[in-house]
Amino acid sequence: ALRVKLTAGEEERRESRGKVDPQAYDLLVRSRQAIPQFSALSSMEARRMLHRVLEIDPGMAAAHASLSIIALTDFINQWNGATPDNLTQARELAQKAIDTDDTEPQGHYTLALALSWMRRLDEAEHAAERATELDPNSANAYTALGTIRDFQGRHEEALTLYTRAHRLDPQFDLSLHFQGRALLNLGRFDEAEVAFKRRLMLAPRSDMTRF
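It should be emphasised that the depicted structure is a prediction, and the values quoted were computed from it without experimental measurement. (Residues numbered from 1 in each chain as written. Predicted model: local features only at pLDDT ≥ 70, side-chain atom pairs only at ≥ 80, totals over all residues. Heavy atoms only, no water.)

Ranked by internal contacts, the top residues of the largest apolar core, which has 43 residues, are L28, V53, A63 and Y109. Breaking this core down by element, the ones donating at least two residues are α2 (22–34), α3 (40–56), α4 (61–77), α5 (85–100), α6 (105–117), α7 (121–134), α8 (139–151) and α9 (155–168). Leaving out residues up to four positions away in the same chain, V53 has contacts with A24, L27, L28, M60 and A63. In this structure, A158, F178, L183 and A192 belong to the second largest nonpolar core, which totals nine residues. (Core = buried A, V, L, I, M, F, W, Y, C linked by side-chain atoms within 4.5 Å. Buried < 20%, exposed > 50% of the residue type's maximum accessible area, 1.4 Å probe, protein only. Helix = DSSP H or I, 4+ residues; strand = E, 2+ residues; numbered from the N terminus. Contact = heavy atoms within 4.5 Å.)

Put into structure tokens, the structure is as follows:
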């Protein structure tokens, strides 16, 4: 009725979708609300819900991808007894998501993040670009690609990607933090300060943004 025009990636995913269990989907959505709270406790709670999702529907690729994000977040923050093995686990879970459903964008961008932290930037770049192809409206995908550019020292390109991510999803406050980091790397300190302060308005508990 709305005559919505789907992108090629969305059309591809629509054609391949099977039935979704309502309980599994509800738990998946709730886990996605828990993950951005960025605490050891919310990480554990999200992991518990996602394991339940996979008990109900082992073929839900997005659940494997979300578990990859949790493994990586625990590694970065050293939560819940995380070790370097978490990084390997994050990569393997992302790959599991892709193997389960190659058209699920989240699997590709979580793989990009894991590979970035492993400093395998060429592979990470390919994964992030695939995520943006599958979902051109994904703030997460553009943020992942921006992170790779930042790690490559291509800070202007990173800033453009972070800005695009924030325009796509103004509530995705991490994109503001990364904008500030890119601006800091470019020596644009006043603008970096504005970006960090805007992030703190949305995420006042962020110690890294305050740092």
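In this section: the packing of aromatic side chains. In the structure shown here, the tally under the stated rule is three aromatic pairs. Taken together, a centroid distance of 6.4 Å and an interplanar angle of 90 degrees make the contact between W117 and F151 edge-to-face. Taken together, the residues span a long stretch of sequence, with W117 in helix α6 and F151 in helix α8 at a distance of 34 residues. The partly exposed category is assigned to W117, whose relative accessible area is 34%. The exposure class assigned to F151 is partly exposed, which follows from its relative accessible area of 28%. Taken together, a centroid distance of 5.5 Å and an interplanar angle of 25 degrees make the contact between Y162 and F178 stacked. With Y162 in helix α9 and F178 in helix α10 (residues 174–185), the pair connects residues that are 16 residues apart, well separated along the chain. You'll find Y162 and F178 in the same group, each marked buried. A cation sits over an aromatic face here: R119 above F151, 4.9 Å from the ring centre. (Phe/Tyr/Trp six-rings, centres within 6.5 Å; stacked < 30°, edge-to-face > 60°. Lys NZ or Arg CZ within 6 Å of the ring centre and 35° of its normal.)

Limitation: the analysis is restricted to geometry and does not speak to function.
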